[in-house]
Amino acid sequence: MTTPPIQNPGARTRRAFLTMGVSAAAAYGGWSWLRSRTPEGGVEWPLRGVLRGNEKVAEAYFSDGHLAPTFAISQADASVRKNGDVGLGDDFDAQQWVLNVQGAGEPFQVTMAQIRALPKVEQVTQLNCIEGWTVVVHWAGARLADFTAKYAPQSRGARFVGMQTPDQQYFVGLDMASALHPQTLLCYEMNGADLTSDHGAPLRLVIPVKYGVKNIKRIGTIAYTNDRPEDYWANEGYDWYAGL
Ligand SMILES: Nc1nc2c(c(=O)[nH]1)N[C@H]1C(S)=C(S)[C@@H](COP(=O)(O)O)O[C@H]1N2
Ligand SMILES: [Mo]
């Protein structure tokens, strides 16, 4: 068996390298759409290492307000996968649930009725799991940007948002630009029905500019902070941004 020669990306033009990276990555996962964020420590994600060296390109792309692809409701996948149940233990009563909010000022709580009273956004987007599968899902919920403007306006200038399950077993960290992205939803409906417990009832995050791992189910606490929040999978060695 011979080892193929290692190509030197520096010998290619920037655009050629990006194109090569995107097609190689798309072939890997069968995904038509990819985005890179600045790599920050940790091991490489399978679809991201190829884009390394193009951080400036990726950042310009992101700051353009680029949107993840959307689909018609009829294109939502009939069968939905579920993945990950960390923080979804049985010792939980969705009826008693309130959302804890921390940031500037005293901590406070927001009810499901208050979240449902925010403008309802329906969105059909892909959920991309790092394991290499993707599903198209019809979601409904409130924009995290609208929630933040209404309930935590003085925290909008923070650098990060952290979220965790009520039992604190699963937790994610988000940069503020991604958190306030117009497609980032606090979601309470999936494919036209209330979220089920498996998928994070009563409230989960939908953030299509990130891998599935950041789409935390059963949110218990939202914290606006200038300290980069801990992140369950980043703690296991994966990239903290986990952006597409
Ligand atoms: N609380 C919690 N949220 C979670 C996870 C988890 O283990 N616990 N897994 C994540 C991963 S890896 C994926 S791919 C998605 C899957 O969402 P779904 O089960 O609704 O398809 O949930 C994410 N949110
Ligand atoms: Mo995942």
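Criteria and cut-off values
- Residue numbering note: each chain is counted from 1, following its sequence as written.
- The order in which chains are written sets their letters, starting at A; the order in which ligands are written sets their numbers, starting at 1.
- For a predicted model such as this one, the threshold for reporting local features is a pLDDT of at least 70, and the threshold for listing and counting side-chain atom pairs is 80 or more; totals across whole chains, interfaces and linings nevertheless cover every residue.
- The side-chain quantities take in all heavy atoms of the structure and omit both hydrogens and water.
- Any residue with a heavy atom lying within 4 Å of a molecule or strand is counted as near it.
- Identification of polar contacts relies on pairs of N or O atoms within 3.5 Å, with a donor-acceptor requirement for protein atoms, meaning one able to donate a hydrogen and the other able to accept it, and with residues adjacent in sequence counted only if both atoms are side-chain atoms.
- Side-chain classes follow a simple rule in which Ala, Val, Leu, Ile, Met, Phe, Trp, Tyr, Cys and Pro form the nonpolar group, Asp, Glu, Lys and Arg form the charged group, and the remainder, Gly included, forms the polar group.
- Burial classification: accessible surface area is computed with a 1.4 Å probe over protein chains only, and a residue below 20% of its type maximum counts as buried, one above 50% as exposed, and the rest as partly exposed.
- The numbering of helices and of strands both runs from the N terminus, where a helix is a DSSP run of H or I of at least 4 residues and a strand a run of E of at least 2.
- Strand pairing follows a simple DSSP-based rule, namely that at least 2 bridges must link the two strands.
- We count a salt bridge whenever a side-chain nitrogen from Lys or Arg sits within 4 Å of a carboxyl oxygen from Asp or Glu.
- Any pair of residues with heavy atoms lying within 4.5 Å of one another is described as a contacting pair.

**Q** Can you walk me through the site of ligand 1 in this structure?
**A** Surveying the vicinity of ligand 1 reveals 18 residues, the closest of which are Arg 81, Asn 83, Val 86, His 199 and Lys 217. Contact between ligand 1 and His 199: an oxygen atom at 2.7 Å from a side-chain N or O atom of the residue. For ligand 1, a nitrogen atom lies 2.9 Å from a polar atom in the backbone of Asn 215. Residue composition of the shell around ligand 1, grouped by class: 7 nonpolar, 6 polar and 5 charged.

**Q** Help me out: how do you make sense of the pairing of strand 5 (residues 160-164) in this one?
**A** The two faces of a sheet get side chains in turn, since along a regular strand they alternate between them. Taken across its 5 residues, strand 5 has 4 buried, putting it largely inside the fold. Here strand 5 hands over to strand 6 (residues 171-175) after 6 residues, with Gln 168 in that stretch at a positive phi of 65 degrees. Summarising the sheet, strand 5 and strand 10 (residues 221-225) pair through 5 bridges and their orientation is antiparallel. The residue of strand 10 that forms the bridge with Gly 162 is Ala 223.

**Q** Would you take a moment to explain the pattern of salt bridges for this structure?
**A** Between side chains of opposite charge, a pair can form as their charged atoms come close. Scanning the entire structure with this criterion turns up 5 salt bridges. The closest approach of N and O atoms between Lys 120 and Glu 189, which form a salt bridge, is 3.0 Å. Of this pair, Lys 120 sits in the loop between helix 3 (112-116) and strand 3 (121-128) while Glu 189 sits in strand 7 (residues 185-190), and the two are 69 residues apart along the sequence. Residue Glu 189 is classed as buried on the basis of its relative accessible area of 16%.

**Q** Got a minute to help me understand the environment of Asp 167 in this structure?
**A** Within the secondary structure, Asp 167 is located in the loop between strand 5 and strand 6. Overall, the relative accessible area of 36% leaves Asp 167 in the partly exposed class. As for Asp 167 and Val 86, which are separated by 81 residues in sequence, their C-alpha atoms are 9.6 Å apart. Once residues lying within four places of it in the same chain are set aside, the contact partners of Asp 167 are Gly 87, Leu 88 and Gly 89. In terms of polar contacts, Asp 167 uses its side chain to reach the side chain of Thr 165, at 2.7 Å. A polar contact is formed between the side chain of Asp 167 and the backbone nitrogen of Gln 169, at a distance of 2.9 Å.

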